[in-house]
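Residue strings, one per chain:
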Amino acid sequence: MASSRSLLEKVSDQPVNLDLTASHQSENDSISTVSSVESEKAAYEFLAQTPIKSTDKHLVEFSEAMRTVAKALRQVAEGKAAAQAEAAEWKRKYELETAQKQQTRIKDCGTCTDDNLGKMASQLSLEAPASDQTGCCGNHGICSHEVLQDEVPGPNPRPSLSMVGRKASFRLSWGCNGNKNGQHKHDFVSFEKGDITTAERSSKQILLKWESRPQTVLFITKPNSNSVRVLCAEMVRWLKEHKNINVFVEPWVSKELLTDDSNHTVQTWDNDDDKKMLHKKVDLIVTLGGDGTVLWAASLFKGPVPPVVAFAMGSLGFMTPFPSEQYRGCLDNVLKGPFSITLRNRLQCHVIRDAAKDEIVTEEPILVLNEVTIDRGISSYLTYLECYCDSSFVTCVQGDGLIISTTSGSTAYSLAAGGSMVHPQVPGILFTPICPHSLSFRPLILPEYVTLRIQVPYNSRGHAWASFDGKDRKQLAPGDALICSISPWPVPTACLVDSTTDFLRSIHEGLHWNLRKTQTLDGPRD
Ligand SMILES: NC(=O)c1ccc[n+]([C@@H]2O[C@H](COP(=O)([O-])OP(=O)(O)OC[C@H]3O[C@@H](n4cnc5c(N)ncnc54)[C@H](O)[C@@H]3O)[C@@H](O)[C@H]2O)c1
Ligand SMILES: Nc1ncnc2c1ncn2[C@@H]1O[C@H](COP(=O)(O)OP(=O)(O)OP(=O)(O)O)[C@@H](O)[C@H]1O
């Protein structure tokens, strides 16, 4: 570029003002300002109009330089046009999806029709919320049809109220999406008399109490570990002999146990259909290994997951609170119940291929308990990722990559990349860059209800790679995208004590968090 400018100056009588960088500026800018045709035309017009005072050789060099410039401008413009078209396509898909969701909501939410909402909105006159709340919101009671009162009902309204005038009435609502997932939200806000207050906290410790005796336990064990194999055989024997429990194991473990002299019959599966039905048969999952074994156990369940009792047989164990040497007492307590559980959210990730954008069937969603990472893989170029949160643009990641993590995963890769540690019951999604090439790119925590879209733009220099809980690497070509949202299927893990005690213990013991010798009293004082 510099050489074309100096050439221009050599052959021109006037100072040259051809700002090529303007068209190249900020690849983030989605509005294309340069049309290739115009820029090419302008270059040739400039050539025709410029008073020339130099030699033929200069002219040849100059026209070659201008051709290069025009070509570069055309490429930039074409790239931007393609990106715009892509953005428009995504917007259309998003709108379509929103419209479909809306329709489903309306269908599922028979009592909350627009009609009803309209009627109720017009009844702002001190109407008490309907006592029959068995409609779309069932017993949870709060739905958009609950109209807030702006005055105290009754024959004698308080004079002070009329003196200050009517308080503006309003109502709060959230979509009654017809499924049970959103209904716990009634706990958060009280609608009484128009004053907004947080009523009950959502993050109370959850207790699991059996209503009938658990009968079947699935064992998931870390491979290639002698101590795990020995303990697994011992635990299976104990559960069968003393607790009369059916035991399921993975096919390879069943073979291992067969060669063992324990001679205990265990059940397993031999096809994917049986594996998919495991959650219907298994009351409890026992894992023997480290955090990786818990991740593995969770990955076997694409839908609901039975409660997991994780025995620590790894090096750190943020999700494995149970001491394996005390397995009898621990299992006794869990089988009897009640016991505390941590509901660990998972992320549901969809890879959307540009090449398959017209196809209805997309790749199967992948569920992760820790995180999905989008990085540069073996490419030596910066990753270039456009990130959107619902319909808002978040940022462009230029660096080694991006981690989208659950709160359970906050102590794993995200922590190593500078993300905050977050209690696993906090409802959020972590957005943590990996080695961003920018001083101001701090990690974010977004609310759990958002959908994130990470797009590899067409003008990205290389491919990106997505990996799921550190496994299953998938290549993302320019134009491909990854869409993540919280899955409706969390992993319930049994606590040794409770969620908070277990979490704090794991960061104290696993990471030696804020370990410092305490100052002694002998020294200067106030
Ligand atoms: N730079 C890093 O810190 C880095 C790099 C790659 C992967 N990882 C993590 O490894 C995970 C896969 O674990 P693996 O056991 O299959 O692989 P692994 O055997 O390579 O172990 C990775 C380490 O991460 C720890 N870990 C896993 N989940 C954790 C959690 N929720 N909280 C705290 N520590 C956790 C494990 O205890 C283990 O020590 C990935 O999900 C990712 O979070 C971390
Ligand atoms: N049943 C299994 N089948 C196949 N792979 C497994 C299974 N259980 C665990 N793994 C894999 O084995 C690896 C090591 O497991 P894990 O993390 O539990 O042990 P660790 O590395 O010894 O402990 P820590 O993670 O605490 O350092 C992980 O990558 C995990 O995905």
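These figures come from a predicted structure and were not determined experimentally.

Criteria and cut-off values
Residues numbered from 1 in each chain as written. Chains lettered and ligands numbered in written order. Predicted model: local features only at pLDDT ≥ 70, side-chain atom pairs only at ≥ 80, totals over all residues. Heavy atoms only, no water. Salt bridge = Lys/Arg side-chain N within 4 Å of Asp/Glu carboxyl O. Helix = DSSP H or I, 4+ residues; strand = E, 2+ residues; numbered from the N terminus. Buried < 20%, exposed > 50% of the residue type's maximum accessible area, 1.4 Å probe, protein only. Core = buried A, V, L, I, M, F, W, Y, C linked by side-chain atoms within 4.5 Å. Contact = heavy atoms within 4.5 Å. Near = heavy atom within 4 Å. Polar contact = N/O pair within 3.5 Å; in protein donor to acceptor, adjacent residues only side chain to side chain. Areas by Shrake-Rupley, 256 points an atom, 1.4 Å probe, with all protein chains shown as cover. Patch = residues over 30% accessible without salt bridge, like charges linked within 9 Å, V, L, I, M, F, W, Y side chains within 5 Å. Lys, Arg positive; Asp, Glu negative; His and termini not counted. Charge placed at Lys NZ, Arg CZ, Asp CG, Glu CD. Arc of directions from axis to C-beta. Axes fitted to C-alpha atoms, helices over the stretch in contact; angles between N-to-C directions. Parallel < 35°, antiparallel > 145°, perpendicular 65-115°, else oblique. Left-handed = near helix turned anticlockwise from the far one by under 90°. Nonpolar A, V, L, I, M, F, W, Y, C, P; charged D, E, K, R; others polar.

Q: Can you help me understand the pattern of salt bridges in this one?
A: Once their charged atoms are close, side chains differing in charge can pair, the charge on each being opposite to the other. The final tally for this structure, using the stated rule, is seven salt bridges. The shortest N-O distance in the salt bridge between Glu363 and Arg353 comes to 2.8 Å. Of this pair, Glu363 sits in the loop between strand 10 (347–352) and strand 11 (366–368) while Arg353 sits in the loop between strand 10 and strand 11, and the two are ten residues apart along the sequence. Here Glu363 falls in the partly exposed class, since its relative accessible area comes to 27%.

Q: Quick question: what am I supposed to make of the nonpolar core here?
A: Note that soluble globular proteins tend to have their nonpolar side chains buried in a common cluster. Core analysis: the biggest nonpolar cluster contains 33 residues, and Phe219, Met235, Val286, Leu288, Val309, Phe311 and Leu331 have the highest contact counts within it. Those elements that place two or more of their residues in this core are strand 4 (216–221), helix 7 (226–243), strand 5 (246–249), helix 8 (251–259), strand 6 (284–289), strand 7 (308–312), helix 12 (327–336) and strand 9 (339–344). At eight residues, the largest contribution of residues to this core is made by helix 7. When neighbours within four sequence positions are excluded, Val309 is seen to be in contact with Leu284, Ile285, Val286, Thr287, Phe322, Leu331, Val334 and Ala494. In this structure, Leu347, Cys349, Ala466 and Cys484 belong to the second largest nonpolar core, which totals 28 residues.

Q: Sorry, what's going on with the site of ligand 2 here?
A: Taken together, 16 residues lie near ligand 2, and Lys222, Glu250, Gly290, Thr293 and Ser315 sit nearest. A distance of 2.9 Å separates a nitrogen atom of ligand 2 from a polar backbone atom of Thr221. Here ligand 2 loses 71% of its free accessible area of 610 Å² to cover by the protein chains. When contributions to the shell around ligand 2 are tallied by element, the ones reaching two or more residues are strand 4 and helix 11 (291–299).

Q: Explanation requested: a negative patch on the surface in the structure shown.
A: A grouping of Asp270, Asp272, Asp273 and Asp274 is seen on the molecular surface, where their side chains present a negatively charged patch. Relative to the elements of secondary structure, Asp273 occurs in helix 9 (residues 272–276).

Q: Whenever I open this one, helix 12 confuses me. Can you help?
A: Along an α-helix, residues three or four positions apart point the same way, because every turn accommodates 3.6 residues. For helix 12, the set of buried residues is Tyr327, Cys330, Leu331, Val334 and Leu335. Projection of helix 12 onto a plane perpendicular to its axis shows the buried side chains occupying an angular sector of 125 degrees, all on one side. Each element contacted by the buried residues of helix 12 is listed here: helix 7, strand 6, strand 7, strand 8 (322–323) and strand 9.

Q: Whenever I open this one, the packing of helix 7 against helix 12 confuses me. Can you help?
A: Direction vectors running N to C along helix 7 and helix 12 enclose 45 degrees, while the axes themselves pass 11 Å from each other. Between helix 7 and helix 12, the angle is such that the two are oblique. In the packing of helix 7 onto helix 12, the handedness of the crossing is right-handed. Counted together, Leu231, Glu234, Met235, Trp238, Leu239 and Lys243 of helix 7 and Tyr327, Arg328, Leu331, Asp332 and Leu335 of helix 12 form the full contact between these two elements. Of the residues that constitute the contact of helix 7 with helix 12, the class distribution is seven nonpolar, no polar and four charged.

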